[in-house]
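One-letter residues, chain by chain:
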Amino acid sequence: QVQLVESGGGLVHAGGSLRLSCAGPNLLFSDYGITWHRRAPGKERELVAGVSRTGSSTNYADSVKGRFTISRDNTKKVVYLQMNALKPEDTAVYYCKATAMGRPVYWGEGTQVTVSA
């Protein structure tokens, strides 16, 4: 049973925007902190942004601060990653991860984001 599904990736020109979604229809979603990660070709996976269970707390990698915004809607069981002012170096597969104390960690299968120069 799929626990997390990402969507919203695609091809965009530099300076453009995309909004990624991470849906967890089968989870007690509000129990989980959600983080977005990305893996660029030939690079290690890196943490991009995170949001607490209630959405009251967020954090960002320095490389995306001021350009990306993470938010969540627990009634819809979705976390969003709004990405603005995209750069070619943002090109990667983006994954979301759900974490809750004492429970298994869940990863989605990823969505490809490609930013052309």
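A. Looking closely at the packing of aromatic side chains. Going through the model one piece at a time under the given rule, you end up with two aromatic pairs. Ring geometry for Y32 and Y106: centres 6.2 Å apart, planes at 55 degrees, overall tilted. Highlighted residues: Y32 in the loop between β3 (18-23) and β4 (33-39) and Y106 in strand β10 (residues 106-107), separated in sequence by 74 residues. Accessibility expressed as a relative area gives 4% for Y32, which makes it buried. The exposure class assigned to Y106 is partly exposed, which follows from its relative accessible area of 22%. Aromatic side chains Y95 and W107 sit 6.5 Å apart centroid to centroid with 85 degrees between the ring planes, which places their arrangement in the edge-to-face category. Here W107 lies in strand β10 and Y95 lies in strand β9 (residues 92-99), a separation of twelve residues in the sequence. In this structure W107 comes out as partly exposed when scored by relative accessible area, which is 31%. Over the face of the ring belonging to Y80 we find R19, whose NZ or CZ atom lies 4.1 Å from the ring centre.

B. Spatial organisation of the state of the cysteines. Under the counting rule described, the total for this entry stands at one disulfide. At a sulfur-sulfur separation of 2.1 Å, the disulfide partner of C22 is C96. Judged by the torsion about the S-S bond (75 degrees), the C22/C96 disulfide is right-handed. A residue pair is termed long-range when its members are at least 10 positions apart, and C22 in strand β3 and C96 in strand β9 qualify at 74 residues. A residue is classified by how much of its surface remains accessible, and C22, at 0% relative accessible area, is buried.

C. Geometry of the nonpolar core. One finds I34, W36, L81, M83 and Y94 to be the most contacted residues of the largest nonpolar core, which totals 29 residues. Counting residues per element, the ones that place at least two in this core are β3, β4, β5 (46-51), β7 (68-73), β8 (78-83), β9 and β11 (111-116). Here this core takes four residues from β9, the largest share from any one element. Each residue touching M83, except ones within four places of it in the same chain, is listed here: G16, S17, L18, L20, R67, F68, Y94 and V113.

D. Fine view of the environment of S56. Mapped onto the elements of the fold, S56 is located in the loop between β5 and β6 (58-60). Under the relative-accessibility criterion, S56 is labelled exposed at 66%. For the pair S56 and V113, spaced 57 residues apart in sequence, the C-alpha to C-alpha distance is 27 Å. Reaching out from S56, the side chain makes a polar contact with the side chain of T54 at a distance of 2.9 Å.

Parameters and conventions
- Residues numbered from 1 in each chain as written.
- Predicted model: local features only at pLDDT ≥ 70, side-chain atom pairs only at ≥ 80, totals over all residues.
- Heavy atoms only, no water.
- Phe/Tyr/Trp six-rings, centres within 6.5 Å; stacked < 30°, edge-to-face > 60°.
- Helix = DSSP H or I, 4+ residues; strand = E, 2+ residues; numbered from the N terminus.
- Buried < 20%, exposed > 50% of the residue type's maximum accessible area, 1.4 Å probe, protein only.
- Lys NZ or Arg CZ within 6 Å of the ring centre and 35° of its normal.
- Disulfide = S-S within 2.5 Å.
- Core = buried A, V, L, I, M, F, W, Y, C linked by side-chain atoms within 4.5 Å.
- Contact = heavy atoms within 4.5 Å.
- Polar contact = N/O pair within 3.5 Å; in protein donor to acceptor, adjacent residues only side chain to side chain.

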